[in-house]
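The primary structure of each chain is shown beneath.
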Amino acid sequence: MKSSPLFFLGLFAALALSLTALVLATNAQYGGLAPYADITVGAAFPQAPLGLAARGQMVYQDLGCAACHTQQVRRADFGSDKARGWGDRQSVARDYVHEDRVLLGDIRIGPDLTNFGARAATHGLDAAHLLAFLHNGQGAMPAYPFLFMKQLVSGQRSPEALMIPGSPDFELMPTHRAKALVAYLLSLNADHEYPETRQQAAKPEAANEKKPAAPGKPAESAQPAAPEKGPK
Amino acid sequence: MTTAPTNAAQPEVSDIDTAARCPLLLLIGSALVWLVIGGVLALMASIQLHTPEFLARCAWFTYGRMQAAQETVFLYGWGVNAGLAVSLWLLARLGGAPLRATGLAAIGAIFWNLALTVGVAGIFAGDLTGSAFFQLPAYVQPIMFVAYAAVAVAGVLAWTGRRNAFTFATQWYAVAPLFVFPWVFSVAQVTLLFAPVHGTIQAVVAAWFGQNLGALVLAPFALAAVYYLLPKISGRPVRYYDYAGHAFWVLLVIGGWAGGRHLIGGPVPVWVATTGIIASVLLLFHYTVVGVNLSGALCPRGSLALRFAAIGLKAYVLGGVLNAVTSIRAVAKFSQFTFFSVAQTQLLVGGAFTFMIFGALYFLVPRLAGKPWPSAALISIHFAAVLSGLVLKVGGLFVAGWIQGGDLNRAAVSFPSIAGHVRMWLVAATAGEALTLLGSLALALNFARLLVVRADKPAAELFRPPAAMEVPVP
């Protein structure tokens, strides 16, 4: 190899190839993916997290929760995701269109959280349960005591505060960050059906061939039985 | 065909080394400081995996941040600093001329490390991005891009100003990361931080960046060193050298695509994962050729540098094969989302890259400083500790990942049960991290002593016979 220009041209071309495919082509393919306007219920899905829950995602990110938890459900025949009750359907690209920072996660030291809010509702877990869980920890999940402030009970006990066993004069007040994180976790619910997910359900054996919905304008559900053609 | 570096006959001590002394020793010293810091952080993160309450009462040291910080310190602190030093040294040596733009390189090195320090503090404060291999906060990344480019200028000048038009495999592998990193780093910065792409395209870009950082930046730095050290030290040829060019270009063209294998079954277009799988399998050609080319290093015959390089080479080829195997969907079903993939990363970065670079440092530092390594005992401790540490941590994580993968696929097994099943193996991995840290301390101490002790003989006298270059003074 003697020619420097040729060598650097080769380097340039080699990198440009994967860049074009994985960065530019994916962006062209579904960078414009929009929420699905479901006229049967008169709302667009997924719904954007609001207020406290939106701030909670930043807490989720800054505490590095994604180092132990994923937020992606794999299809029923690929792992035990469905059997564990993490979701009835595979996660699709449309589920993430509102997220500023997509945190899919790459290891499951703890359970998947894609549909945590829906699971919590099913099991009757509310914010108070989750705050207690955050404070005490369980199993491989450590306690997060720094998300709480110990304070003297003045007058009536705060309804949000956790009690401290053996210290009736003190209570543990969740910080704003703790409340935001819990609101975020309870908002996690990606079970709405989209055309592409119905297509998965119809053809489970080919489910992984149909991932994100077609890009471009928001999908309409005038004919929900006729799914969009997903990219290959 | 037998091929050795084109200027192998050059004097062992020359102006080429002394001219590069300041920036390169700065890069190497910084790398070793980060290696020790990274070792401490890795040990603490490893303890938290089986003892979750360890240091968890402080927000700064939660596992998520600790893990992100240790990974960042290892990749950007140890990996990039050491890789750049080795690359610049090799390019100057094989270019046959003293390094130019050394002042710029030194300034770049200083700013790189200052920005990294701020960035790691930022990660502990909660400013991590959340993308693996790309955790540094947005406010330090542009500075690091410029700083890297400043250091890389010296390497590119050494390439363009080389005395021989013909180039050796070492030079291709040494110069490629100087070009690849600024490109992929800047693309990732724009598309993930400053004008973020939408939805799960972020995950695709992050996987692409991570793959490029590992396979097209760190790995080439290390391979450049072994392609140089093998013929230089042993006098043995690079076997089937004619294929080395093919292996290089296969890595460059296909390497960047393989990141998609991490997204198998994920909410991204299926072709991203499929091309990742195909690329991982095609890369077996690269690993095979590199393994055959450098197989001479597998019989180090007393050469210290080659002993490290041999282990690094084995880890590199094994890591490549495992990447291909675990990218197959039937295997990914078990290995995905487990410690198995952590072990694979450890094998390639903590094993392959790190050991090959250790070999290079043992060879080049005495030449740069004009002094031999002061302590043979510390070298023995380093070798024994990092080797046993690597076996324990990678072995422990592989077994833990294997058990975890089986358990995760059985819905009836709860997470506390899985934690109980893998605990023993995670403790073994912690022991491995502790040994690795001990080894890193030995190397850093030896380096510090080398800098402060005075050579009692002129450098030329110490280093004239090639073999004496790397044999420590007892």
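The structure displayed is predicted, hence computed values, not measured ones.

Asker: Could you give an account of the overall build of chain A, with specific residues and numbers?
Answerer: In terms of helices and strands, chain A carries 6 helices and 5 strands. Ordered by position in the sequence, the α and β elements of chain A form the string α-β-β-α-α-α-β-β-β-α-α. A buried classification covers 52% of the 232 residues belonging to chain A. Considering only contacts in chain A between residues 6 or more positions apart, those separated by 24 or more positions represent 68%. A total of about 10,600 Å² of accessible surface is found on chain A, and carbon and sulfur atoms cover 61% of it.

Asker: An account of the interface of chain A and chain B is needed here, citing residue identities and associated values.
Answerer: Tallying the contact residues gives 72 residues for chain A and 80 residues for chain B. At the surface where chain A touches chain B, the tally comes to 21 residue pairs in polar contact (both at pLDDT 80 or more). Secondary structure elements with two or more residues in the side of chain A that touches chain B: helix H1 (4–30) and helix H2 (51–62) of chain A. For the side of chain A that touches chain B, the leading source of residues is H1(A), giving 20 residues. Of the residues belonging to the side of chain A that touches chain B, the class tally is 39 nonpolar, 19 polar and 14 charged.

Asker: Can you break down the confidence of the model for chain B residue by residue, with the values?
Answerer: Residues and elements named next belong to chain B. Averaged over all residues, the pLDDT of chain B is 92; the fraction at 70 or higher stands at 93%. Counting interchain partners and residues more than four positions distant, the pLDDT-below-50 stretch residues 1–11 has 25 contacts. Per-residue pLDDT stays below 50 along residues 464–474; that stretch engages in 19 contacts with residues further than four places along the chain or on separate chains. Reported confidence for the predicted complex is 0.90 by ipTM and 0.92 by pTM.

Asker: So what about the side chain of Thr72(B)? Which residues, and what values?
Answerer: Assignment of secondary structure puts Thr72(B) in helix H3 (residues 63–95). From its side chain, Thr72(B) meets the backbone oxygen of Ala68(B) in a polar contact 2.7 Å long.

Asker: Explain the confidence of the model for chain A residue by residue, including any values.
Answerer: Low pLDDT means the predicted atomic positions in that stretch should not be read closely. Residue and element names in this part refer to chain A. Within chain A, residue pLDDT values average 85, and 86% of them lie at 70 or more. Mean pLDDT in chain A bottoms out at helix H6 (residues 195–202), which sits at 82, and peaks at helix H5 (residues 176–187), which reaches 96. Counting interchain partners and residues more than four positions distant, the pLDDT-below-50 stretch residues 205–232 has 69 contacts.

Asker: Report on a nonpolar patch on the surface, specifying residues and quantitative values.
Answerer: All names here are of chain B. Nonpolar side chains collect at one region of the surface, where Ile107, Ile110, Phe111, Leu114 and Ile143 lie side by side and expose about 470 Å² of accessible area between them. Element by element, the count of residues in the nonpolar patch is highest for helix H4 (residues 102–125), at 4 residues. Note that Ile143 resides in helix H5 (residues 141–160). What makes Ile143 partly exposed here is its relative accessible area of 40%.

Asker: Quick rundown of the packing of aromatic side chains? Include the residues and the values.
Answerer: In this structure the tally under the stated criterion is 43 aromatic pairs over all chains. A centroid spacing of 5.7 Å and a plane angle of 15° characterise the contact between Phe7(A) and Phe248(B), whose relative ring orientation is stacked. Here Phe7(A), found in helix H1, pairs with Phe248(B), found in helix H8 (residues 244–254), and the two come from separate chains. Here Phe7(A) and Phe248(B) have matching classes, each one buried. When the ring of Tyr144(A) is compared with that of Phe146(A), the centres are 5.7 Å apart and the planes differ by 75°; the resulting orientation is edge-to-face. Over the ring of Phe363(B) we find Arg367(B), and its NZ or CZ is 3.5 Å from the ring centre.

Asker: Summarise the nonpolar core; cite the residues concerned and give the values.
Answerer: Membership of the largest hydrophobic core comes to 190 residues, with the highest contact counts inside it found for Tyr76(B), Trp78(B), Tyr148(B), Phe209(B), Tyr227(B) and Tyr316(B). Membership of the second largest hydrophobic core comes to 25 residues, among which are Leu63(A), Leu134(A), Ile164(A) and Leu172(A).

Asker: Explain the layout of surface pockets to me, using residue names and the numbers behind them.
Answerer: Residues and elements named next belong to chain A. What the largest pocket holds in volume is close to 1,000 Å³. What lines the largest pocket is a set of 38 residues, among which His69, Gly110, Pro111, Phe133 and Met141 lie closest to the centre. In terms of residue class, the lining of the largest pocket is built from 27 nonpolar, 9 polar and 2 charged.

Asker: Can you explain empty space enclosed by the protein? Please cite residues and give values.
Answerer: On inspection of all chains with the given rule, the structure shows 2 cavities of 30 Å³ or more. Empty space within the second largest cavity amounts to approximately 60 Å³. Forming the walls of the second largest cavity are Arg74(A), Ser80(A), Asp81(A), Trp86(A), Arg108(A), Lys333(B), Phe334(B), Gln336(B), Thr338(B), Gly405(B), Leu408(B) and Asn409(B). Grouping the constituent residues of the lining of the second largest cavity by class yields 3 nonpolar, 5 polar and 4 charged.

Asker: Describe helix H12 (residues 339–369) of chain B, naming the residues involved and giving the relevant values.
Answerer: All names here are of chain B. Largest kink in H12: about 30°, centred on Thr354. Of all 31 residues in H12, 28 are buried, a share of seventy percent or more. Phi turns positive, to about 70°, at Gly370, one or two residues after H12.

Asker: Break down the pattern of salt bridges for me, with residues and values.
Answerer: Residues and elements named next belong to chain A. Within the structure shown, the criterion is met by 12 salt bridges over all chains. One salt bridge in this structure joins Glu160 and Lys179, with 3.2 Å as the shortest N-O distance. Of the two residues, Glu160 is situated in the loop between strand E3 (148–152) and strand E4 (162–163) and Lys179 in helix H5; the sequence distance between them amounts to 19 residues. Judged by its relative accessible area of 35%, Glu160 is partly exposed. Salt bridges sharing common partners tie together Arg74, Asp81, Arg108 and Asp112.

Asker: Go over the pairing of strand E5 (residues 170–174) of chain A, please, and point to the residues and values.
Answerer: Residues and elements named next belong to chain A. Judged by how many residues are buried, E5 sits mostly within the fold: 4 of 5 residues are covered. Alignment of E3 against E5, held across 5 bridges, turns out to be antiparallel. Across the sheet, the residue bridging to Phe148 is Pro174, located in E5. Where E4 and E5 come together, 2 bridges link them in antiparallel fashion. Bridge pairing in E5 places Met163 opposite Glu171.

Asker: Hey, could you go over the sheet that holds E3(A) for me, with residue numbers and the actual values?
Answerer: Hydrogen bonds between backbone atoms are what pair the strands of a sheet, whose relative direction is either parallel or antiparallel. Read from one edge to the other, the open sheet built from 3 strands follows the order E3-E5-E4 (chain A), with strand pairing classed as antiparallel. Both edges of this open sheet fall to E3 and E4 of chain A, since each of them pairs with a single strand only.

Asker: Run through the environment of Met58(A), naming residues and quoting values.
Answerer: Residue and element names in this part refer to chain A. Along the chain, the position of Met58 falls in helix H2. Overall, Met58 belongs to the exposed group, its relative accessible area being 52%. Between the C-alpha atom of Met58 and that of Leu188, which follows or precedes it by 130 residues, the distance is 14 Å.

Rules used in this analysis
Residues numbered from 1 in each chain as written. Chains lettered and ligands numbered in written order. Predicted model: local features only at pLDDT ≥ 70, side-chain atom pairs only at ≥ 80, totals over all residues. Heavy atoms only, no water. Helix = DSSP H or I, 4+ residues; strand = E, 2+ residues; numbered from the N terminus. Buried < 20%, exposed > 50% of the residue type's maximum accessible area, 1.4 Å probe, protein only. Contact = heavy atoms within 4.5 Å. Areas by Shrake-Rupley, 256 points an atom, 1.4 Å probe, with all protein chains shown as cover. Polar contact = N/O pair within 3.5 Å; in protein donor to acceptor, adjacent residues only side chain to side chain. Nonpolar A, V, L, I, M, F, W, Y, C, P; charged D, E, K, R; others polar. pLDDT = per-residue confidence, 0-100. Patch = residues over 30% accessible without salt bridge, like charges linked within 9 Å, V, L, I, M, F, W, Y side chains within 5 Å. Salt bridge = Lys/Arg side-chain N within 4 Å of Asp/Glu carboxyl O. Phe/Tyr/Trp six-rings, centres within 6.5 Å; stacked < 30°, edge-to-face > 60°. Lys NZ or Arg CZ within 6 Å of the ring centre and 35° of its normal. Core = buried A, V, L, I, M, F, W, Y, C linked by side-chain atoms within 4.5 Å. 1 Å grid on protein atoms, 1.4 Å probe; cavity = no way out; pocket = protein on both sides within 12 Å on 5 of 7 lines; lining within 4 Å. Points joined across faces, edges and corners; volume = space filled by probe spheres on them. Bend = angle between axes of the 7 residues up to and from the residue. Pairing = 2+ DSSP bridges.

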